[in-house]
Amino acid sequence: MNVADTPANRAMFGCTGTAEQDGEGAAPFPQVRIVALTARAGRAVLGAILGRARAGEQTLLARLVRRRPDLFAGRVTCFDRNFPGYDLITAILAAGGHVVARVKAGISLPAGPGGGWLPDGSRLTWLNAPSGKKEDRLPVRAAEHNVILPCGDGQEVSETCTLITTLLDHQAAPADAVRETYLTRWSASETTFGEDKATITGAGDRTSGPVLRSGSPRLVISEAWAWLTATQLVRASAAAALRSQAAAARALRRRSPRPGHRGRGILHRRLALHDPFHDILPGHGPSSSLDALAAAADAAARAALHTLTIPGRQRHSRRAQKARPKFPHATAAKKTVTGKPQVTVFAPGFS
């Protein structure tokens, strides 16, 4: 995340993408690196850790595991091929969690006894320990699948992706489920970060993107946590709204035909936009009885009658035509306080 370009921020956080950290050859903005643990469902930020721009993502994640092991307990953590490592995966296992991760092509995954193949198409293998000892090897299960990627000019290329997981039971976690789990990583992390950055507006120009405004490192850290907290509160309020009685009413409306939306003539489009259930406040959900639903629809229809917009110059007014019209409703026009004609519209079923 870009931060304000001040000497204090450059000295504290540094920048990335250039050999120089300061001066003419440096990047235009210093940056703070944020490694966050996000939930796939709801995209909530469960935890995060901040560091310098050139701090390694693996280093920061390992530090987060040590500081907050409870964030990983009982969860399956998915990460990209830049993260897998013996020490990191071992720390997550020690915290009570499991891992699904993509591995690089250069990582050795030796075949187990008999090839290690399992009925679901995955195979048992291991990650070698830094000590080099056989007894310290970390058992994992590998699942491979092919993907077709576009390479330009209408051509396609096939690439083999290898996933590893610490879930060794192929019956509890089949290879297909492991692959589907990994595919959710992008929407759970990258999309979440993109949405969060989109909330920072009015800072920097269009080419620099979102920029934290604080000029001192201590305030940058406070602002970053305030930003993460605010986006988390927005998602929490959205989740609470989904669990409210208003959400239950909307679900009921989707499952059953909307009352009052048939045979209403001119009011059909109006009621479709101004449905009585759209304006229900949380905690004041409607009754599910048919009488209550019909009463709510009737009240909304009456309200819509009072809010119909009638243009001041009617097609069949005397000023618009030389001959007096023979349409009966034109005779019902009368002057109002403003001097504009008012027309009473009668719809079937309403008085």
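Procedures and definitions
- Residues numbered from 1 in each chain as written.
- Predicted model: local features only at pLDDT ≥ 70, side-chain atom pairs only at ≥ 80, totals over all residues.
- Heavy atoms only, no water.
- Helix = DSSP H or I, 4+ residues; strand = E, 2+ residues; numbered from the N terminus.
- Buried < 20%, exposed > 50% of the residue type's maximum accessible area, 1.4 Å probe, protein only.
- Contact = heavy atoms within 4.5 Å.
- Areas by Shrake-Rupley, 256 points an atom, 1.4 Å probe, with all protein chains shown as cover.
- Pairing = 2+ DSSP bridges.
- 1 Å grid on protein atoms, 1.4 Å probe; cavity = no way out; pocket = protein on both sides within 12 Å on 5 of 7 lines; lining within 4 Å.
- Points joined across faces, edges and corners; volume = space filled by probe spheres on them.
- Nonpolar A, V, L, I, M, F, W, Y, C, P; charged D, E, K, R; others polar.
- Salt bridge = Lys/Arg side-chain N within 4 Å of Asp/Glu carboxyl O.
- Axes fitted to C-alpha atoms, helices over the stretch in contact; angles between N-to-C directions.
- Parallel < 35°, antiparallel > 145°, perpendicular 65-115°, else oblique.
- Left-handed = near helix turned anticlockwise from the far one by under 90°.
- pLDDT = per-residue confidence, 0-100.
- Right-handed = clockwise from strand over helix to strand, strands pointing away.
- Polar contact = N/O pair within 3.5 Å; in protein donor to acceptor, adjacent residues only side chain to side chain.

### Brief notes about the overall build of the protein
Okay, step 1: Scanning the protein from N- to C-terminus turns up 9 helices and 11 strands.
Okay, step 2: For the protein, the residues scored as buried account for 33% of the 351 residues in total.
Okay, step 3: When contacts within the protein are restricted to residue pairs at least 6 apart in sequence, those whose partners lie at least 24 apart make up 49%.
Okay, step 4: Of the roughly 21500 Å² that the protein leaves accessible, carbon and sulfur atoms contribute 55%.

### Overview of the pairing of strand S6 (residues 123–127)
Okay, step 1: Summarising burial for S6: 4 of the 5 residues are buried, a large majority.
Okay, step 2: As paired elements, S6 and strand S7 (residues 138–152) share 5 bridges and run antiparallel to each other. Note on S7: the bridge partner recorded for Thr125 is Val140.

### Describing the layout of surface pockets
By rolling a water-sized probe across the atoms, one finds the places where empty space is left.
Okay, step 1: Looking at the largest pocket, its volume works out to about 1000 Å³.
Okay, step 2: Residue lining of the largest pocket: 36 residues in total, with Ala36, Thr38, Ser189, Glu190 and Phe193 positioned closest to the centre.
Okay, step 3: Mapped by element, the contributors of at least two residues to the lining of the largest pocket are strand S2 (32–38), helix H2 (57–67), strand S4 (76–79), helix H5 (185–198) and helix H6 (217–242).
Okay, step 4: Among the elements that make up the lining of the largest pocket, the one with the highest residue count is H5 (8 residues).
Okay, step 5: Residue composition of the lining of the largest pocket, by class: 19 nonpolar, 8 polar and 9 charged.

### Some details on the pattern of salt bridges
Okay, step 1: As enumerated under the stated definition, the model contains 10 salt bridges in all.
Okay, step 2: Among the ionic pairs, Glu57 bridges to Arg33, the shortest N-O distance being 3.5 Å. Here Glu57 is found in helix H2, whereas its partner Arg33 is found in strand S2, with 24 residues between them in sequence.
Okay, step 3: Residue class for Glu57 comes out partly exposed when judged on its relative accessible area of 29%.

### What about the packing of H2 against helix H3 (residues 86–94)?
Okay, step 1: In the contact formed by H2 and H3, the axes pass within 10 Å of each other and the chain directions differ by 20°. What the angle tells us is that H2 and H3 run roughly parallel. Relative to H3, the crossing made by H2 is left-handed. Each of Leu61, Ala62 and Val65 in H2 lies in contact with H3, whose residues at this interface are Leu88, Ala91 and Ile92.

### Comments concerning the environment of Leu60
Okay, step 1: Checked against the element boundaries, Leu60 lands in helix H2.
Okay, step 2: Along the backbone, Leu60 and Ala48 are 12 residues apart, and their C-alpha atoms lie at a distance of 9.2 Å.
Okay, step 3: Here Leu60 is in contact with Arg33, Val35, Ile49, Leu50, Gly51 and Ala55, once residues within four sequence places are set aside.

### Observations concerning the environment of Asp176
Okay, step 1: With respect to the element layout, Asp176 can be found in helix H4 (residues 175–183).
Okay, step 2: According to the relative accessible area criterion, Asp176 is exposed, its value standing at 51%.
Okay, step 3: A sequence separation of 56 residues divides Asp176 from Asp120, and the C-alpha atoms of the two residues are 8.0 Å apart.

### Structural notes on the confidence of the model for the protein
Okay, step 1: Chain-level pLDDT for the protein is 74 on average; 69% of the residues reach the 70-or-more range.
Okay, step 2: For the protein, per-element mean pLDDT is lowest for helix H8 (residues 267–273), which scores 35, and highest for strand S5 (residues 98–102), which scores 94.

### Some words on the pairing of S4
Okay, step 1: Where burial is concerned, the two faces of S4 differ: the one with Thr77 and Phe79 is buried and the one with Val76 and Cys78 is not.
Okay, step 2: In the sheet, S4 pairs with S5 via 4 bridges, with the strands oriented parallel. Looking across to S5, one finds that Phe79 is bridged to Ala101.
Okay, step 3: Taking the sense of rotation as the criterion, the β-α-β connection linking S4, H3 and S5 turns out right-handed.

### Observations regarding the packing of H5 against H6
Okay, step 1: One can describe the packing of H5 onto H6 by two numbers: an axis separation of 10 Å at closest approach and a directional angle of 105°. One way to sum up the angle between H5 and H6 is to call them roughly perpendicular. Facing H5, whose interface residues are Thr192, Glu195, Asp196 and Lys197, H6 presents Trp227, Thr231 and Arg235.
Okay, step 2: Across the contact of H5 with H6, the residue classes tally to 1 nonpolar, 2 polar and 4 charged.

### Let's talk about the side chain of Thr125
Okay, step 1: Looking at where Thr125 falls in the secondary structure, it is placed in strand S6.
Okay, step 2: A polar side-chain atom of Thr125 sits 2.5 Å from the main-chain carbonyl oxygen of Pro110.
Okay, step 3: Residues in contact with Thr125, not counting those within four places in the same chain, are Leu109, Pro110, Leu138, Pro139, Val140 and Ala142.

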